[in-house]
Amino acid sequence: MTGITTEQQQRLAAAALDSRHRAYAPYSNFFVGAAVLTEQGAIFEGCNIENASFGLTICAERAAIFAAIAAGDQQLMALAVATDGGYSPCGACRQVMAEFCDDLQVLLVDSADSSRIVQTRLDELLPLRFS
Ligand code: THU
């Protein structure tokens, strides 16, 4: 699989950082933004949305992926996730990524230093996955 261009990486990271500003996280105060790039060239954003009934919370990555799927755009190329610290996606989000692509380029963006983007991919994050 060929990687996305530097310009696409920058647009995707910027979209994840932008989406993070819309996170609704009054319980954890951990604000997450995500963005997915599809083969059509579209970018879909998502943020974490918490609930007083904690288990109803949705992660930013799944919100972004579900926005793409709901728009009818299923060919996912890359996903960026922005957190304060540059954390990687949780296991549930990794499994959802696996549903919609063989492999996925993943960019970890640290909102405290957005010039530092760590690149990884689903094969590394979730090897030997159930499918
Ligand atoms: N969260 C995400 O949005 N993505 C992840 O991959 C891990 C966790 C959110 C869920 C919750 O709102 C907050 O971060 C703390 O767990």
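Quick look at the structure, then. Note that this is a predicted model, so its numbers are computed, not measured.

1. Brief notes about the pattern of salt bridges
Then comes step 1: Per the stated rule, a full pass over the model turns up 5 salt bridges.
Then comes step 2: For Glu 45, the salt bridge goes to Arg 22, with nearest N and O atoms at 2.3 Å. In this pair, Glu 45 sits in strand β2 (residues 43-47) while Arg 22 sits in the loop between α1 (6-20) and β1 (33-38), placing the two residues 23 residues apart along the sequence.
Then comes step 3: Residue class for Glu 45 comes out partly exposed when judged on its relative accessible area of 29%.
Then comes step 4: Given the relative accessible area of 45%, Arg 22 is considered partly exposed.

2. Observations regarding the pairing of β2
Then comes step 1: In this structure, β1 lies alongside β2, joined through 5 bridges in antiparallel fashion. Considered in β2, the bridge of Ala 34 is made with Gly 46.
Then comes step 2: Joining the antiparallel neighbours β1 and β2 is a turn of 4 residues, in which Gly 41 adopts a positive phi near 95 degrees.

Definitions and limits used
Residues numbered from 1 in each chain as written. Predicted model: local features only at pLDDT ≥ 70, side-chain atom pairs only at ≥ 80, totals over all residues. Heavy atoms only, no water. Salt bridge = Lys/Arg side-chain N within 4 Å of Asp/Glu carboxyl O. Helix = DSSP H or I, 4+ residues; strand = E, 2+ residues; numbered from the N terminus. Buried < 20%, exposed > 50% of the residue type's maximum accessible area, 1.4 Å probe, protein only. Pairing = 2+ DSSP bridges.

Taken by themselves, the reported measurements are silent on function.
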